[in-house]
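The primary structure of each chain is shown beneath.
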Amino acid sequence: MNELRDLLGDLVADVDAVFLFSPNASFFEEFDDVDEEIVVVGPENTLDAEPFVELPIDFTDLEGRLRFGIEGALEQGIVDEGDEVLCVTEVLDGSENTIVRVQTNDFSPSGVYDMFVNSRADASVVRDVFEVAIELGKKGQKGKPVGALFVVGDAGKVMNKSRPLSYNPFEKSHVHVGDPIVNVMLKEFSRLDGAFVISDAGKIVSAYRYLEPSAEGVDIPKGLGARHMAAGAVTRDTMATAIVLSESDGLVRAFKGGELVLEIDPEEY
Ligand SMILES: Nc1ncnc2c1ncn2[C@@H]1O[C@H](COP(=O)(O)OP(=O)(O)OP(=O)(O)O)[C@@H](O)[C@H]1O
Ligand SMILES: [Mn+2]
């Protein structure tokens, strides 16, 4: 077993920082005296850890989770480019059973951290819309797959770059994402065409908007259609973030700055 020990020894040797993903209190305490910088990453800072990187959604896929933690720590200046970091986390609902060593440069930034934290819209609004899209992706509408397009933030400009396909059911209402009744409405209206436009603070500004941004130079993955193109393009023309549920492949994707920044399978979420 010495080979295995050596392998593990090499894996954990000479790292600049150790990232603990959602550690419990006793596990966290065990790291009190270590020399390396300890970075806690999780949905809530229940341990009052410092430094701390807040996860906006509970990433079930490992890579998404690691990416977010590392991009967040880079952005906050907790680690530097080129640092060697050790990520301690769980997969398959275990305890801390997984150690991944990465160099912060190994990731080309996906923009996922930036999308949540530096969006014009509040991070909680982006997260709430994300959750609606995920839920809609899981259940569909009456068992059938549905697609949906949500454009979040910079709503004035988004409205200028779009036109109505039908009457706007949110015209005179003051409802916000995250209200339970609104989630039901969003799901109901998603059967019809066009995009939802949502303000920075989460107010539903409109449904049924046909987006007309300039798509020139927008480079989204091949095979995605008009809905995704419009989503990508509107985020390049404005400061909005677009969240798309695909009717054809069932995935939820997010675009910001004209680029695909996140792709999640609702079934695995
Ligand atoms: N510019 C646009 N603005 C708003 N909604 C749009 C726009 N273009 C397409 N859509 C909506 O997207 C729907 C699906 O279009 P299309 O199949 O071309 O997109 P897609 O990217 O392949 O999406 P999906 O993966 O859901 O099929 C359309 O029926 C329409 O409701
Ligand atoms: Mn399509």
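Thresholds, definitions, all that
- Residues numbered from 1 in each chain as written.
- Chains lettered and ligands numbered in written order.
- Predicted model: local features only at pLDDT ≥ 70, side-chain atom pairs only at ≥ 80, totals over all residues.
- Heavy atoms only, no water.
- UniProt positions renumbered as here; feature names shortened; annotations may be inferred.
- Helix = DSSP H or I, 4+ residues; strand = E, 2+ residues; numbered from the N terminus.
- Rg over C-alpha atoms; globule rule 2.2 N^0.38 Å.
- Buried < 20%, exposed > 50% of the residue type's maximum accessible area, 1.4 Å probe, protein only.
- Contact = heavy atoms within 4.5 Å.
- Lys, Arg positive; Asp, Glu negative; His and termini not counted.
- Charge placed at Lys NZ, Arg CZ, Asp CG, Glu CD.
- Near = heavy atom within 4 Å.
- Polar contact = N/O pair within 3.5 Å; in protein donor to acceptor, adjacent residues only side chain to side chain.
- Areas by Shrake-Rupley, 256 points an atom, 1.4 Å probe, with all protein chains shown as cover.
- Nonpolar A, V, L, I, M, F, W, Y, C, P; charged D, E, K, R; others polar.
- Pairing = 2+ DSSP bridges.
- Axes fitted to C-alpha atoms, helices over the stretch in contact; angles between N-to-C directions.
- Salt bridge = Lys/Arg side-chain N within 4 Å of Asp/Glu carboxyl O.
- Phe/Tyr/Trp six-rings, centres within 6.5 Å; stacked < 30°, edge-to-face > 60°.

The name an unreviewed UniProt entry assigns to the protein chain is Diadenylate cyclase, from the organism Haloarcula sebkhae. Under the UniProt heading Function (unreviewed entry), the entry covering the protein chain gives this text: "Diadenylate cyclase that catalyzes the condensation of 2 ATP molecules into cyclic di-AMP (c-di-AMP). c-di-AMP is a second messenger for intracellular signal transduction involved in the control of important regulatory processes such as osmoregulation."

### Some points on the overall build of the protein chain
A count of helical and extended segments in the protein chain gives eight helices and 12 strands. On C-alpha atoms alone, the protein chain measures out to a radius of gyration of 20 Å, which is about the 18 Å that the 2.2 N^0.38 rule sets for 269 residues. Seen along its three principal axes, the alpha-carbon backbone of the protein chain occupies a region of about 70 × 40 × 30 Å. The 269 residues of the protein chain split such that 48% are buried. Sequence-distant contacts in the protein chain: of pairs separated by 6 or more residues, those separated by 24 or more amount to 56%. Across the protein chain, the centroid of the 23 positively charged side chains sits 16 Å from that of the 51 negatively charged ones.

### Some details on the site of ligand 1
Residues in close proximity to ligand 1 total 14 residues, the closest being Asp-193, His-228, Ser-246, Glu-247 and Ser-248. Within the backbone of Gly-225, one N or O atom sits 2.9 Å away from an oxygen atom of ligand 1. For ligand 1, the accessible surface in isolation is 630 Å², of which the surrounding protein chains cover 75%. Taken together, the elements giving at least two residues each to the shell around ligand 1 come down to strand E9 (204-211) and helix H8 (226-237). Element by element, the count of residues in the shell around ligand 1 is highest for H8, at four residues. The residue inventory of the shell around ligand 1, partitioned by class, reads five nonpolar, five polar and four charged.

### Points about the UniProt feature "domain: DAC" (unreviewed entry) in the protein chain
If you check UniProt for "domain: DAC" (unreviewed entry), the listed places come out as residues 109-266 in our numbering. Here residues 109-266 runs as 32% helix and 23% strand, with 23 Å between its end C-alpha atoms.

### Some points on the sheet that holds strand E2 (residues 37-42)
The sheet built from five strands is open, its strands ordered E3-E2-E1-E4-E5 with mixed pairing. Looking at the sheet topology across the chains shown, the edges are occupied by strand E3 (52-54) and strand E5 (98-103). Sheet twist, expressed as the average angle between the axes of neighbouring strands with direction ignored, equals 20 degrees. Sheet topology note: the strand E1 (residues 17-21)/strand E4 (residues 84-89) ladder contains four bridges and is parallel. Looking at the pairing, Val-18 lines up with Leu-86 of E4. Of the strands in this sheet, E4 and E5 touch helix H1 (residues 2-12), which is tilted by about 50 degrees from E5.

### Observations regarding the pattern of salt bridges
Counted under the stated rule, the structure contains 13 salt bridges. The partner of Glu-247 in a salt bridge is Arg-227, and the shortest N-O contact between them spans 3.8 Å. One end of the pair, Glu-247, is in the loop between strand E10 (241-245) and strand E11 (252-256); the other, Arg-227, is in helix H8, and 20 residues separate them in sequence. Glu-247 gets classed as partly exposed once you look at its relative accessible area, which sits at 45%.

### Here's the deal with unusual backbone geometry
Where the residue is not glycine, phi is negative for most of them; where a peptide bond is considered, it is trans in most cases. Here Glu-50 and Pro-51 are connected by a cis peptide whose omega angle stands at 0 degrees. With phi around 45 degrees, Ser-22 is a residue other than glycine that occupies positive phi space. The residue Ser-22 is located in the loop between E1 and helix H2 (25-29) in this model. Unusually for a residue other than glycine, Tyr-208 sits at a positive phi of about 60 degrees.

### A look at the packing of aromatic side chains
Aromatic ring pairs are described here by two measures, namely the spacing of the ring centres and the angle between the planes. Going through the model one piece at a time under the given rule, you end up with nine aromatic pairs. Aromatic side chains Phe-170 and Phe-189 sit 5.5 Å apart centroid to centroid with 80 degrees between the ring planes, which places their arrangement in the edge-to-face category. Residue Phe-170 is found in the loop between strand E7 (162-164) and helix H7 (180-189), and its partner Phe-189 is found in helix H7; the two are separated by 19 residues along the sequence. Among the residues examined, Phe-170 registers a relative accessible area of 0% and is labelled buried. Joined through ring pairs, the aromatic side chains of Phe-59, Phe-68, Tyr-113, Phe-116 and Phe-130 make up one cluster.

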